[in-house]
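# Structural features, examined
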Amino acid sequence: MKAARKVRLAPIYIALVLLALVSVVPFLWMLATSFKHGSDVYTKVPSLLPLDRKTGEFSPTLENYDHVLEVSGLGQAFVNSVWVCLILVPAKLLVDALAAYAFARIPFPGRDKLFVVLLAGMMVPTITLLVPRIHVTQSLGMFDSGWGLILPNIASVLDIFLLRQFFMSLPAELEEAARIDGAGRMQIFWRIIIPLSKPVLAVVTITSFIFHWNDLVWPLVVLNDPELYTLPLALQQLASSESGRSYYIMAGATLAVVPVIVVLLIFQRRIMQGIAFTGLKS
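Every value quoted in this text rests on a predicted model; they were computed, and no experiment measured them.

Our focus in this paragraph is empty space enclosed by the protein. Regions of empty space are outlined by a rolling probe, equal in size to a water molecule, passed over the atoms. Counting across every chain of the model gives 1 cavity of 30 Å³ or more. Looking at the largest cavity, its volume works out to about 90 Å³. Taken together, Ser81, Val84, Cys85, Leu88, Leu149, Asn153, His212, Asp215, Trp218, Pro219 and Thr230 make up the lining of the largest cavity. Broken down by secondary-structure element, the contributors of at least two residues to the lining of the largest cavity are helix H3 (74-105) and helix H11 (217-222). Residue contributions to the lining of the largest cavity peak at 4 residues, all from H3. Among the residues making up the lining of the largest cavity, the classes are represented as 6 nonpolar, 4 polar and 1 charged.

Looking now at the layout of surface pockets. Estimated volume of the largest pocket: approximately 870 Å³. Lining the largest pocket are 26 residues; nearest its centre among them are Thr126, Arg133, Asn153, Ala155 and Ser156. Counting residues per element, the lining of the largest pocket draws most heavily on helix H10 (residues 198-214), which supplies 5 residues.

Those residues of helix H2 (residues 63-71) that fall on the buried side of the exposure criterion are Asn64, Tyr65, His67 and Val68. All buried residues of H2 fall inside an arc of 160 degrees around its axis, so they share one side. When the buried face of H2 is taken as reference, the exposed residues oriented beyond 90 degrees from it are Glu63, Glu70 and Val71. In the segment just after H2, Gly73 is the residue with positive phi, at about 80 degrees.

Reading guide: rules and limits
Residues numbered from 1 in each chain as written. Predicted model: local features only at pLDDT ≥ 70, side-chain atom pairs only at ≥ 80, totals over all residues. Heavy atoms only, no water. 1 Å grid on protein atoms, 1.4 Å probe; cavity = no way out; pocket = protein on both sides within 12 Å on 5 of 7 lines; lining within 4 Å. Points joined across faces, edges and corners; volume = space filled by probe spheres on them. Helix = DSSP H or I, 4+ residues; strand = E, 2+ residues; numbered from the N terminus. Nonpolar A, V, L, I, M, F, W, Y, C, P; charged D, E, K, R; others polar. Buried < 20%, exposed > 50% of the residue type's maximum accessible area, 1.4 Å probe, protein only. Arc of directions from axis to C-beta.

Take a look at the structure:
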C-alpha cells in the first residue's frame, strides 16, 4: 500500500520540485550575477557561479556592492527604508489593532454600517485615491518628507478586517471575567486580546513590512529629494542609469530582496499559523 501511494504521489512531488526550481533559479541567477565582474557576465556558456571567463576559476567580487552602496546612493536609501519601516509598521499595527478591537468588541451606533463602508472602500482602485492623498499631504506640509511616507499609510482596511475577524473568534467569556475583576477596556485590550492574538499580529506585521519595504508608487509621488529616497525608488533610478550594466542592477536588487527573504525564512511558521487562525470560528 505504501509503495502504491508513493507511486501515485510521485508526479505531484516532481511537479512541486519543478515549480520550486522555476521560483528559485531567478534568485540564484540574480545573486550570482551580483558577484560577477563585468567581463564575466555575458558569456557563451551561462553559469550560475561567478567564474572567470578566461580561466574558469571561481572569481567573485564585492566591487558591485561597493559601487551601488556608495556611488549610486543605495546605502542611504537602504537606511531610509529601514527607519521608515521601523516607525510605520509598529504605528500601523497599533492603529489597526485598536480599530479592529472597536469593530469587534465595542458596541456603538452604526458600527456594522461603518465597517461595511470601510470594506466597500477596498473596492476602490488605489490609483484613483492617489490625487486626493497628494492634495492632503501637501496641505498638511508633509510633501517631500519622511512623515509624508508614514502618516498617509498609518492604517489599512485589510489589516483591520483580518484583526477584527480574529478578535471576534476569541471567547467573550474572557472579557466578561476580566470585567468582573474590574478591568477596563484598555486593560482587556493589552492584557488579554493582544497576548492571545500573536499569530495574526505576526501576519499583519510581516505583510505590512514586506509591502512598505517594496512600495514604489507612493515614494515616487511624494518624494523629490534624492536624500530621502527609499530602496525601491533608488533601485529604479539605478536601473535607469546603469541599464547596460546588469551586474550593478543585480547587486542592488539583491540588497533589496535579501532582508525580505530573511524575514520570511525566520517567521514563515508564524505566517502559516496566523493565516490558519484567521479562518477559525469560536
